[in-house]
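A structural walkthrough
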Amino acid sequence: MSDRIKLAMIGCGGMAGAHLTGYEKLLELGYDKFQIEAVCDTNAKNARAFADRLENSTGHRPEVFDTVKGLLKGGKIDAADIGTPHAFHHTTAIPCLRKGIPVMIEKPGGITIKAGKKIMAAAEKSGAIVAIAEQIRRCKGARVMEWVINKAKMIGKPCFFSMEVLGDQEFNWKSYAMAWRGLKLLGGGGMMYDAGVHFADMMLHVFGPVAEVQADMRTFYTPMLNGPAGLGKQRLDVEDTWLATLRFESGLVGHWSFSREAYGYKVRTGVYYGTKGSLRDRQEWMHAFQFGADLRGKDGKEIKYEKLEKQYLKQLSKRKADRLFPYGLDDGISNECWDFIEAIDKQRQPEVEGVAALKAKALCYAFYESNLAGKPISPADVESGKVSAYQRPINQYWKI
Ligand SMILES: NC(=O)c1ccc[n+]([C@@H]2O[C@H](COP(=O)([O-])OP(=O)(O)OC[C@H]3O[C@@H](n4cnc5c(N)ncnc54)[C@H](O)[C@@H]3O)[C@@H](O)[C@H]2O)c1
């Protein structure tokens, strides 16, 4: 028991609840390299609810803290899992890293490129690892499709794709979780920087680097929000709609559009075309390939995802399967929780680390920068900091 990695959860909201389920699953399966010893949330009610839940599910009640400062002073912890709003990724991660405490940060892993780089600099200085809770590429469907495209090359050379999610969506803007998502200073941007970062990570992971992007972004609905963290009453100021083009270094070109303010007809489609056929995403959402895709060849024959999955699993060695699907778990969230603990235990890098997150963030921010500049932007220029006009007010406000 005493050798277990003592884990703290910082930010006890919606997504952290999903992480908690992942950790509970691992404990139930007998994976006992860790124990959750502390929970921390500026809203103490949320932290107490996590402590109650853990006491119920594991019989062990973690200590409750309402600041990271208090946690680092009073809690005896070896690692931290961070699930705060984007503006507080760096303010919670850096103090931990400075003490040599490894962290897993929810995507996107910092509100701006600069914030992400500061997190990585703190990690480099202390030697503590930074894992990013990017679960989509670890889901079984995504692992299968990456193999179908890049190893089995079943659609030939990828040529172009179209991913469109257009419809009207109601959100509860009065809730804390939506209020921070509606304000650039807290979320960094709208859905492009939120769920969109999953899509960006998958596109880079599957298709490689993007040379340049071009985007038009619009905001059609601007309700008054009650901004958390002292921001007070403000109008929503992030995009609700975009139409964008991605030009990959490989020559692949993609069209990506989204709107939650598109009334009447709804469009949801995600189709990826290659020289030998195409793949239609089962979900048609920004979690690309999470639930796999069906394949249709040039000859018109369809291969359902289930068959593709069988072929993928057949060629997988037991050793690789145990690493990619520990305990047979094929959901990305319990997988990332396991990977974080294993990375600490074995002193290795996690599957998704800070650099990968920085590239996904740079791709997303390239769309915002392109919209602002009115011209194509290279994600590499965003990653290097050469282009940062959109992010500047965020960096200035939070003194990043
Ligand atoms: N991977 C996914 O599919 C997925 C889905 C949803 C959210 N997320 C990510 O999870 C993170 C949190 O999103 P959410 O939807 O859970 O938000 P949320 O608003 O539900 O929860 C955030 C929690 O953090 C707490 N908090 C705020 N500032 C804090 C601080 N300084 N210290 C400690 N606690 C603090 C809040 O009180 C709240 O309980 C974001 O990075 C978001 O992008 C990921």
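Report follows, based on the coordinates. Computed from a prediction, not measured in an experiment: that's the story for all the values here.

1. What about the site of the ligand?
The local shell around the ligand holds 26 residues, among which G11, G13, G14, M15 and E106 are the closest. Considering every element that reaches the shell around the ligand, the biggest residue donor is helix α1 (residues 14–28), with three residues. For the shell around the ligand, a count of residues per class yields eleven nonpolar, eleven polar and four charged.

2. Observations regarding the nonpolar core
For soluble globular proteins, nonpolar side chains are generally found buried alongside one another. Among the nonpolar cores identified, the biggest contains 120 residues, and A8, V39, C40 and V103 are the most heavily contacted of them. Among the elements that line this core, the one with the most residues is helix α13 (residues 354–373), at ten residues. Mapped onto the domain boundaries, this core takes at least three residues apiece from domain 1 (5–136 + 328–353) and domain 2 (139–326).

3. A closer look at the environment of P95
Considering the arrangement of structural elements, one finds P95 in helix α4 (residues 89–98). Under the C-beta neighbour-count criterion, P95 is labelled partly exposed, with 19 such atoms within 10 Å. P95 sits 151 residues away from L246 along the chain, and the two C-alpha atoms are 36 Å apart. Contacts of P95, omitting those with residues within four sequence positions, involve V68 and L72.

4. Let's talk about the packing of helix α5 (residues 113–126) against α13
Following both chains from N to C, one finds α5 and α13 inclined at 170 degrees, their axes separated by 10 Å at the closest point. The angle between α5 and α13 places the two elements in the roughly antiparallel class. On the side of α5, the interface is formed by I113, G116, I119, M120 and A123, while α13 contributes G354, A357, L358, K361, A362 and Y365. Residues of the contact of α5 with α13, tallied by class, amount to eight nonpolar, two polar and one charged.

5. Thoughts on the sheet that holds strand β2 (residues 34–40)
The six strands are arranged β3-β2-β1-β4-β5-β6 in an open sheet whose pairing can be described as parallel. The open sheet terminates on both sides in strands that have one partner only, identified here as β3 (63–65) and β6 (130–133). Taken over all neighbouring pairs, the strand axes of this sheet differ in orientation by 25 degrees on average, direction set aside. Note: strand β4 (residues 79–82) against strand β5 (residues 103–106), three bridges, orientation parallel. Bridge assignment links I82 to a residue of β5, and that residue is I105. Packed onto the sheet, α4 meets β1 (5–10), β4 and β5 and runs at close to 175 degrees relative to β5.

6. Regarding the sheet that holds strand β15 (residues 293–297)
If you trace the eight strands from one edge of the open sheet to the other, you get β8-β11-β12-β7-β13-β14-β15-β16, paired in mixed fashion. Lying at the two open borders of the sheet, with one neighbouring strand each, are β8 (210–218) and β16 (302–303). Examined bridge by bridge, strand β11 (residues 241–248) and strand β12 (residues 253–259) share seven bridges and lie antiparallel to one another. Along β12, the bridge assignment pairs T245 with H255. Each of β8 and β11 is contacted by α13, which is oriented at about 55 degrees to β8, the strand it contacts most.

What counts, and where the lines are drawn
- Residues numbered from 1 in each chain as written.
- Predicted model: local features only at pLDDT ≥ 70, side-chain atom pairs only at ≥ 80, totals over all residues.
- Near = placed C-beta within 6 Å.
- Helix = DSSP H or I, 4+ residues; strand = E, 2+ residues; numbered from the N terminus.
- Nonpolar A, V, L, I, M, F, W, Y, C, P; charged D, E, K, R; others polar.
- Core = buried A, V, L, I, M, F, W, Y, C linked by C-beta atoms within 7 Å.
- Buried ≥ 20, exposed ≤ 12 C-beta atoms within 10 Å, placed from the backbone.
- Domains from an automatic or database assignment.
- Contact = placed C-beta atoms within 7 Å.
- Axes fitted to C-alpha atoms, helices over the stretch in contact; angles between N-to-C directions.
- Parallel < 35°, antiparallel > 145°, perpendicular 65-115°, else oblique.
- Pairing = 2+ DSSP bridges.

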